[in-house]
Number of protein chains: 2
Amino acid sequence: MHNAVLPSKVRLVEVGPRDGLQNEPVFVPAAHKIAFVNRLADAGHSTIEVTAFVTTKYLPQMADAAEVCAGITRKAGVRYTALIPNLVGLSRARDAGVDEVAIFPAATEAFSRRNLNQTVEEALATVADVCREARSSGLPVRAYLSTSFGCPFEGPVAPSRVRDLTARLIDAGIYEVALSDTIGVAHPRLVLDVLEQVTSRVPLTSLALHFHDTRGTALVNVYTGLQAGITRFDASAGGLGGCPYAPGATGNLATEDLVYLLDGLGIESGVQLDRLIEASRPLEPLVGHPLPSRVFRAAQATANQR
Amino acid sequence: MHNAVLPSKVRLVEVGPRDGLQNEPVFVPAAHKIAFVNRLADAGHSTIEVTAFVTTKYLPQMADAAEVCAGITRKAGVRYTALIPNLVGLSRARDAGVDEVAIFPAATEAFSRRNLNQTVEEALATVADVCREARSSGLPVRAYLSTSFGCPFEGPVAPSRVRDLTARLIDAGIYEVALSDTIGVAHPRLVLDVLEQVTSRVPLTSLALHFHDTRGTALVNVYTGLQAGITRFDASAGGLGGCPYAPGATGNLATEDLVYLLDGLGIESGVQLDRLIEASRPLEPLVGHPLPSRVFRAAQATANQR
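Along each chain, residue indices are assigned from 1 in the same order as the chain's sequence is written. Here chains are named by letter from A upward and ligands by number from 1 upward, in the order in which they appear as written. In view of the model being predicted, local features appear only for residues whose pLDDT reaches at least 70, and side-chain atom pairs are presented and counted only at 80 or more, with totals across whole chains, interfaces and linings using the full set of residues.

**A look at the overall build of chain A**
To keep things clear, this is the line we draw: Runs of H or I in DSSP of at least four residues are treated as helices and runs of E of at least two as strands, each being numbered from the N terminus. For the radius of gyration, the atoms used are the C-alpha atoms, and the globule rule reads 2.2 Å times the number of residues raised to 0.38. Once C-beta atoms are placed from the backbone, each residue is buried if 20 or more other C-beta atoms lie within 10 Å of its own, exposed if 12 or fewer, and partly exposed for counts between those two. We call two residues in contact if the C-beta atoms placed from their backbones are at most 7 Å apart.
Summing up its helical and strand segments, chain A has 13 helices and eight strands in all. Radius of gyration (C-alpha) of chain A: 18 Å, near the 19 Å computed for a compact globule of 306 residues. The buried share among the 306 residues of chain A stands at 56%. Long-range pairs, those at least 24 residues apart, make up 73% of the contacts in chain A with a sequence separation of at least 6.

Here it is, written out as structure tokens:
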């Protein structure tokens, strides 16, 4: 009954300091963010999305982006990345010395307009501009394709649309597209439908999966991705970014839960679960609610029983 | 990329009124339990574990077992079951008119002694006695095999041991063994290891899977079971029985989360998700904490935004 097709090794992208903290209702001071990023690197992460260079008006949680980048203790072999919306963000991220940038077009018009104030076509033009400019400085560009599995405004999204947009992103110079389940509605059949479409045009190795655990399906979706040969997954330490008891919570897949699964499957991620839990722990009092990661909670419960 | 081996239909065993409520720190009055069971039947459940006939000293939450059984509005086609530890429990359950009983031996000595005050062999002798006696009244007997995937006292459990015990339970007259992850440590590889061993001796159709979501792996374990051909799964409405923020929480897989997965996969369960959510909702104020089901929480968030 063993599943022979699972990969032996995966690469995780830790998005807690960015996707996690940007969706918490509090501002975490730069010194704490810096210490968090350093702990995540010490836990074995090889790619950490540190912050976002976006308009402070829209994302006050990331107002200290440059300060955070400047404060990190750079660890050899770790890629420190940042989210950017456009050429202005690229310029700021480059000045801050990041190793890679990530841009975030959407698969649906309604979401693109609300999130970026751009049509999908306008956003693709921005992606092309950013890729051209980044190439001249040797910076790799990753893209999140938001609403790849469903849109809060438009509902279901045709997998063929995700296929076409992903192919255009790769053509524009994106090295990896993270198919993103922004609202946490994906399930294994939808994951397979999307991957079947997208891999008809784009190699598996150019794809990552980015799940939110809104409906508890993030891990089973990862497992579906693993069975399909995907080896890159995004996750957020502690499950930061979504308090399950907050209205509209759409928390990221918790890295602890993902690493517990991968460890069980014997798949190497490079991340040490016990150190990862320690990396998240100091964040709990800062964000003001219990971290939603189930593995984190189970570890806390065990610690409390001692 | 479609997975052709998934079953088209499954049978769920709703354990919220028993396994859920017995693990909540409050006593829910009988009238509320009765209304809950009736709502679960109306949501489409065909098997509902209603209560437990155990010593009140050990399980005060179930002290009203007979009252609950007497108060239910019996719906045609629904099997109302109860947990029992021994012949005394069987006798009480029979008097209360249940359609089926479930007994709960364990795979490990330490857990058996703590949970049943019996060795594993003594518990197996009790199972044999109960099966003999139940047969004479035409009552089917199900068994949970606790600690099938790990023990809080002994740690890992050899799948060969689970195989041997499951085979002996079937030989004793148990019609279905629910392999139970009491402490929520299972992951897909362990599920496959256990199923590979057990199905070498026992037909797939005699097996159910009973997962707790302590580490967030319950759904991916179900999916692994589905891929292996298992068609019977236990779950607890709302995820009752485990508050993720309580120390030592080992909540059941939430039925809402399971049904969301099954609906996505196109697998028929007979349960209507929207009615199931309504069935759980009145329990939230009674247990005194938010229900941990992610799908329930997402539905609440959507409702709050309206």
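Continuing now.
**Brief notes about the packing of helix α7 (residues 159-172) of chain A against helix α8 (residues 188-198) of chain A**
All names here are of chain A. Counted only if it meets this: A fitted line through C-alpha atoms serves as each axis, taken over the contacting stretch for helices, and the angle formed by two N-to-C directions is quoted from 0 to 180°. With respect to orientation, any angle under 35 degrees is reported as roughly parallel, any angle over 145 as roughly antiparallel, any angle of 65 to 115 as roughly perpendicular, and every other angle as oblique. Helix crossings fall into two classes, left-handed where the near helix is turned counterclockwise from the far one by less than a right angle and right-handed where it is turned clockwise.
The N-to-C vectors of α7 and α8 enclose an angle of 40 degrees; their axes lie 8 Å apart at closest approach. In terms of orientation, α7 lies oblique with respect to α8. The two elements α7 and α8 meet at a crossing, and its hand is right-handed. Judged by residue contacts, P159, S160, V162, R163 and T166 of α7 engage D193, V194, Q197 and V198 from α8.

**Let's talk about the pairing of strand β4 (residues 100-103) of chain B**
Residue and element names in this part refer to chain B. Which entries qualify depends on this criterion: The pairing criterion for strands is at least two bridges between them, as found by DSSP. By convention, orient the strands away from the viewer: a clockwise path from the first strand over the helix to the second makes the crossover right-handed.
Here strand β3 (residues 79-83) runs beside β4; their pairing, made up of three bridges, is parallel. Looking at the pairing, L83 lines up with A102 of β4. A crossover connection joins β3 to the parallel β4 through helix α4 (residues 87-95); in handedness this β-α-β unit is right-handed. Where β4 and strand β5 (residues 141-145) come together, three bridges link them in parallel fashion. What sits directly across from A102, in β5, is R142.

**Quick notes on the pairing of strand β6 (residues 176-181) of chain B**
Residues in a regular strand point their side chains to alternate faces of the sheet. Residues and elements named next belong to chain B. Counting buried residues in β6 gives six out of six residues, a clear majority hidden from the surface. With burial as the criterion, each face of β6 is covered, one bearing E176, A178 and S180 and the other bearing V177, L179 and D181. Here four bridges tie β5 to β6, and the two strands are oriented parallel to one another. Directly across from A143, in β6, lies its bridge partner V177. For the crossover that starts at β5, traverses helix α7 (residues 159-172) and ends in the parallel β6, the hand is right-handed. Here five bridges tie β6 to strand β7 (residues 207-211), and the two strands are oriented parallel to one another. Looking across to β7, one finds that L179 is bridged to L209. Tracing the backbone out of β6, into helix α8 (residues 188-198) and back to the parallel element β7 gives a crossover that is right-handed.

**A look at the environment of B:I183**
Residue and element names in this part refer to chain B. Take I183: it is sitting in the loop between β6 and α8. We classify I183 as buried; it has 20 C-beta atoms within 10 Å. It is 7.1 Å that separates the C-alpha atoms of I183 and G150, two residues lying 33 residues apart in sequence.

**Overview of unusual backbone geometry**
Even without a glycine there, the phi angle at B:N117 is positive, about 55 degrees. Tracing the sequence through the fold places B:N117 in the loop between α5 (109-116) and α6 (120-136).

**Section: the confidence of the model for chain A**
Let me state the cut-off plainly: Confidence of the prediction at every residue is given by pLDDT, a number between 0 and 100.
The pLDDT averaged across chain A works out to 94; a share of 95% of its residues lies at or above 70. The complex prediction reports pTM at 0.95, with the ipTM value standing at 0.94.

**Topic: α7(B)**
All names here are of chain B. Applicable threshold: One less than the residue count of a helix, multiplied by 1.5 Å, gives the span that helix is expected to have. Starting at the helix axis, one direction is taken to each C-beta atom, and the arc is that of these directions.
Given a rise of 1.5 Å per residue, 14 residues ought to cover 20 Å, and the 20 Å separating the end C-alpha atoms of α7 matches this to within 8%. Those residues of α7 lying buried are P159, V162, L165, T166, L169 and A172. The buried residues of α7 occupy one face: seen down the axis, they fall within an arc of 140 degrees. Where α7 is buried, its residues contact α6, β5, β6 and α8. With its phi angle positive at about 115 degrees, G173 sits one or two positions after the end of α7.

**Notes on the environment of A:G173**
All names here are of chain A. Secondary-structure assignment places G173 in the loop between α7 and β6 (176-181). With 16 C-beta atoms counted inside 10 Å, the residue G173 sits in the partly exposed group. In sequence terms G173 and A134 are 39 residues apart; their C-alpha atoms lie 9.5 Å from each other. If sequence neighbours within four positions are ignored, G173 has contacts with C131, R135 and V141.

**Regarding helix α2 (residues 30-42) of chain B**
Residue and element names in this part refer to chain B. Look at α2: 18 Å from first C-alpha to last across 13 residues, which is about the 18 Å you get at 1.5 Å a residue. The elements touched by buried residues of α2 are β1 (11-14), α1 (16-22), β2 (47-52), α3 (65-71), α11 (273-280) and α12 (283-287). Count one or two residues on from α2 and you reach G44, which has phi positive near 115 degrees.

**Things to note about the nonpolar core**
Worth spelling out the cut-off: Note on terminology: a nonpolar core is a set of buried residues of type Ala, Val, Leu, Ile, Met, Phe, Trp, Tyr or Cys, with members joined through C-beta atoms within 7 Å.
If you look at the biggest cluster of nonpolar residues, it comprises 202 residues, and the most contacted ones within it are A:A143, B:A82, B:A143 and B:L258. Those residues within four positions of B:A82 in sequence are excluded, and the remaining contacts are B:E49, B:V50, B:T51, B:A52, B:F53, B:A65, B:C69, B:A93, B:V98 and B:V101.

**A word on the environment of B:K9**
Residues and elements named next belong to chain B. Note on placement: K9 falls in the segment before β1. Put simply, K9 and S269 are 260 residues apart on the chain and 6.0 Å apart in space, counted from C-alpha to C-alpha. With near-sequence residues (within four places) excluded, K9 lies in contact with T231, I267 and E268.

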